[in-house]
Amino acid sequence: MTATAAGARTPVERLTVLYDAQCSLCVHLRNWLMKQRQLVPLDLVPAASDEARRRFPGLDHSGTLDEITVVGDRGQIYRGTSAWIVCLWALAEHRPRAHWLATPAGMPFARASVLAAAKYRSVRAAPCGPGDTSCTAPAPGP
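Description of the structure in this document. Predicted model only: the values in this text are computed from it and were never measured.

Counting residues in hydrophobic clusters, the biggest one holds 24 residues, and the most contacted among them are Leu15, Val17, Leu42, Val70 and Tyr78. Of the residues forming this core, the biggest block, six residues, is contributed by helix α4 (residues 80–89). The residues contacting valine 70, other than those within four sequence positions of it, are Leu15, Thr16, Val17, Gln76, Ile77, Tyr78, Ala83, Val86 and Cys87. Among the nonpolar cores identified, the runner-up in size contains seven residues, and Leu18, Ala52, Phe56 and Val71 belong to it.

We now examine the packing of aromatic side chains. In this structure the tally under the stated criterion is one aromatic pair. Seen from the ring of tryptophan 89, arginine 95 lies directly overhead, with NZ or CZ sitting 4.0 Å from the centre.

Where burial is concerned, the two faces of strand β5 (residues 69–72) agree: the one with Thr69 and Val71 and the one with Val70 and Gly72 are both buried. Bridging between β5 and strand β6 (residues 77–79) involves three bridges; their strand directions are antiparallel. In the sheet register, valine 70 faces β6, and the bridge partner there is tyrosine 78. Here β5 hands over to β6 after four residues, with glycine 75 in that stretch at a positive phi of 95°.

The subject of this paragraph is the sheet that holds strand β3 (residues 15–19). The mixed open sheet is built from four strands, whose spatial order is β4-β3-β5-β6. This sheet does not close on itself; its edge strands, each paired only once, are β4 (42–46) and β6. Ignoring strand direction, the axes of neighbouring strands in this sheet form an average angle of 20°. Alignment of β3 against β5, held across four bridges, turns out to be antiparallel. Residue pairing for β5: leucine 18 is matched across the bridge by threonine 69. With respect to the sheet, helix α1 (residues 24–35) is in contact with β3 and β4, its orientation differing from that of β4 by roughly 160°.

This part takes up the pattern of salt bridges. Between side chains of opposite charge, a pair can form as their charged atoms come close. This model, assessed by the stated rule, comprises six salt bridges. A salt bridge links glutamate 13 to arginine 74, with the nearest nitrogen and oxygen atoms 3.2 Å apart. Remark: arginine 74 occurs in the loop between β5 and β6 and glutamate 13 occurs in the loop between β2 (9–10) and β3; sequence separation between them is 61 residues.

The rules behind the values
Residues numbered from 1 in each chain as written. Predicted model: local features only at pLDDT ≥ 70, side-chain atom pairs only at ≥ 80, totals over all residues. Heavy atoms only, no water. Core = buried A, V, L, I, M, F, W, Y, C linked by side-chain atoms within 4.5 Å. Buried < 20%, exposed > 50% of the residue type's maximum accessible area, 1.4 Å probe, protein only. Helix = DSSP H or I, 4+ residues; strand = E, 2+ residues; numbered from the N terminus. Contact = heavy atoms within 4.5 Å. Phe/Tyr/Trp six-rings, centres within 6.5 Å; stacked < 30°, edge-to-face > 60°. Lys NZ or Arg CZ within 6 Å of the ring centre and 35° of its normal. Pairing = 2+ DSSP bridges. Axes fitted to C-alpha atoms, helices over the stretch in contact; angles between N-to-C directions. Salt bridge = Lys/Arg side-chain N within 4 Å of Asp/Glu carboxyl O.

This is the structure we're talking about:
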């Protein structure tokens, strides 16, 4: 849940995760998210795609390729560490961990994880190429 300008709580009922479909690590994490039991439904959409631009015309789409971005159904925008935490919050088995990661004690661990993933992505994660099955998204499940 996020606070609005008036201080009232706005429930998050659905989240859209914008991921880099040309990054094998990003696609791996997308596939992992899809396999988890979700308390809040996650729509996983390639960043800067036609679909992303259609859904969020006012968003900086080039920035979504550099940093994970999650958009809530009420217009909430989460980037970087906050985006990872809200993704975990949406998952049944990881919600308690997300609550802890959002605390002052947990936030350094969340930041370190995001920085490590970014470093790995920049150094080791091969970009997806034609016919690369590691970047193929599985068909949506039942």
